[in-house]
Amino acid sequence: LMLSQGIPMMLGGDELGRTQQGNNNAYCQDNEISWFDWELEKENEDFVNFTRELIFFRRQHPVFRRRKWFQGRAIHGKGVSDIAWFNPDGSEMTDEQWNVGYAKAMGVFLDGNQIPSPGPKGDRIIDDSFLLFFNAHYETIEFGLPSVLELDDKEWLVVIDTKEPRFIKEEKTYTNGYKVPVAARSLVVLRCLAWRKETRFFCWNRVSGFVATSPTFGMRSLWLPLEVYLSFGSNETFLLFGKVTAS
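**What to know about the overall build of the chain**
Okay, so step 1: Within the chain, the secondary structure is distributed over 3 helices and 12 strands.
Okay, so step 2: If you take every contact in the chain between residues at least 6 apart in sequence, the share linking residues at least 24 apart comes to 61%.
Okay, so step 3: Summed over its atoms, the accessible surface of the chain is roughly 15,900 Å², and 54% of this surface lies on carbon and sulfur atoms.

Okay, here's the thing in structure tokens:
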């Protein structure tokens, strides 16, 4: 629900495991069905913390909060769509497969480079791209990474695996040719780690020291001396460096 587009409609107490015994219209039940048991917060501490992490994750990634409909077709000049649906073997779902009543598993690709709405200052919004694997079957299913996504230069980092009580902390990645196991009745979310050519520039002033001139991008970095010297008067000489980063 928290990874759906639009506004997530959560009922107060869902984050505590308050089920109302399955009654979704308990307004007239003045008893244990509708009352809040605040002890549930202690009993289900991991679930409460997982919900906090999920809310933060959603706020950090606008690809899960689009303000316009998906186009659902290939982007001009690219082999992928803003959204795509896949079978567990990595092939794209056909119209006929959508109508198969016994289908219990599917994958969804969300392209973070194809967010149509601008930011609050009119700037283009770019986010990470994600794969979501859903398994409603009663046994584990292994998902193949979709070949249509041009996977040769991409790694996919496991962010969420709902068989675990919390977000995944250790770095576990998959590349082309490897299968992703998804436990029974669970969801796995993968974040694309493809390199993005973002550049951060800094200046070194031999008189006053190191001066940063732009914000930080991403986690992985590679320093490249650009061999550019700028002279501002006789005592001011700067060496310009570039930092190519990936996230």
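**Let's talk about the side chain of N49**
Okay, so step 1: One can find N49 in helix α2 (residues 45-60).
Okay, so step 2: A polar contact of 2.6 Å, which involves the side chain of N49, links it to the side chain of R52.

**With respect to the nonpolar core**
Okay, so step 1: Of all hydrophobic cores here, the largest spans 20 residues; its most connected members are F109, L131, F133, L145, W156, V180 and L190.
Okay, so step 2: Secondary structure elements with two or more residues in this core: β1 (83-86), β2 (105-110), β3 (130-135), β4 (141-144), β5 (156-161), β7 (179-182) and β8 (186-192).
Okay, so step 3: Ranked by residue count, the leading element in this core is β8, at 3 residues.
Okay, so step 4: Leave out the neighbours within four places in its chain, and L131 touches V108, F109, L145, P146, L149, W156, V188, V189 and L190.

**What to know about the sheet that holds β3**
Okay, so step 1: Strand order in the open sheet made by the 6 strands is β1-β2-β3-β8-β5-β6, with antiparallel pairing throughout. The outermost strands of the open sheet, each flanked by one partner alone, are β1 and β6 (173-174).
Okay, so step 2: Alignment of β5 against β8, held across 5 bridges, turns out to be antiparallel. Residue pairing in the sheet places W156 in a bridge with C192 of β8.

**What to know about the pattern of salt bridges**
Okay, so step 1: Tallied over the entire structure, the rule returns 6 salt bridges.
Okay, so step 2: A salt bridge links D128 to R191; its shortest N-O distance comes to 3.7 Å. Of this pair, D128 sits in the loop between β2 and β3 while R191 is found in strand β8, placing the two residues 63 residues apart along the sequence. As far as burial versus exposure is concerned, D128 and R191 are alike and both buried.
Okay, so step 3: In this structure, the salt-bridge partner of E164 is K163, at a minimum N-O distance of 3.8 Å.
Okay, so step 4: Shared partners join several salt bridges into a network, and the residues in it are E53, R166 and K169.

**Structural notes on the confidence of the model for the chain**
Okay, so step 1: On average, residues of the chain score 78 in pLDDT, and 74% of them reach the 70 mark or higher.
Okay, so step 2: Segment residues 195-247 is flagged for pLDDT under 50; beyond a separation of four residues in sequence, or across chains, it makes 100 contacts in the model.

**A short note on the packing of aromatic side chains**
Okay, so step 1: Counted according to the given criterion, the structure contains 8 aromatic pairs.
Okay, so step 2: Plain terms: the ring middles of F57 and F167 are 5.6 Å apart, the flat faces sit at 65° to each other, and that makes the pair edge-to-face. In this pair, F57 is assigned in helix α2 and F167 in the loop between β5 and β6, connecting sequence segments 110 residues apart.
Okay, so step 3: Taking 5.1 Å as the distance between ring centres and 75° as the angle between the ring planes, the aromatic pair formed by W85 and W98 counts as edge-to-face. Remark: W98 occurs in helix α3 (residues 95-98) and W85 occurs in strand β1; sequence separation between them is 13 residues.
Okay, so step 4: In this structure W85 comes out as partly exposed when scored by relative accessible area, which is 31%.
Okay, so step 5: Among the aromatic residues, those joined into a ring-pair cluster are F50, F57, F64, F130 and F167.
Okay, so step 6: The positively charged end of R18 is found above the aromatic ring belonging to F36, 4.0 Å away from the centroid.
Okay, so step 7: Cation over ring: R66 sits above F70, and NZ or CZ is 4.1 Å from the ring centre.

**Quick look at unusual backbone geometry**
Okay, so step 1: Residues other than glycine seldom take positive phi values, yet Q20 does so here, at roughly 55°.
Okay, so step 2: Tracing the backbone shows Q20 in the segment before α1 (40-43).
Okay, so step 3: A relative accessible area of 10% means that Q20 is categorised as buried.
Okay, so step 4: In the Ramachandran plot, Q21 falls in the positive-phi region, its phi being about 55° despite a non-glycine side chain.
Okay, so step 5: Among the secondary structure elements, Q21 is positioned in the segment before α1.

Parameters and conventions
Residues numbered from 1 in each chain as written. Predicted model: local features only at pLDDT ≥ 70, side-chain atom pairs only at ≥ 80, totals over all residues. Heavy atoms only, no water. Helix = DSSP H or I, 4+ residues; strand = E, 2+ residues; numbered from the N terminus. Contact = heavy atoms within 4.5 Å. Areas by Shrake-Rupley, 256 points an atom, 1.4 Å probe, with all protein chains shown as cover. Polar contact = N/O pair within 3.5 Å; in protein donor to acceptor, adjacent residues only side chain to side chain. Core = buried A, V, L, I, M, F, W, Y, C linked by side-chain atoms within 4.5 Å. Buried < 20%, exposed > 50% of the residue type's maximum accessible area, 1.4 Å probe, protein only. Pairing = 2+ DSSP bridges. Salt bridge = Lys/Arg side-chain N within 4 Å of Asp/Glu carboxyl O. pLDDT = per-residue confidence, 0-100. Phe/Tyr/Trp six-rings, centres within 6.5 Å; stacked < 30°, edge-to-face > 60°. Lys NZ or Arg CZ within 6 Å of the ring centre and 35° of its normal.

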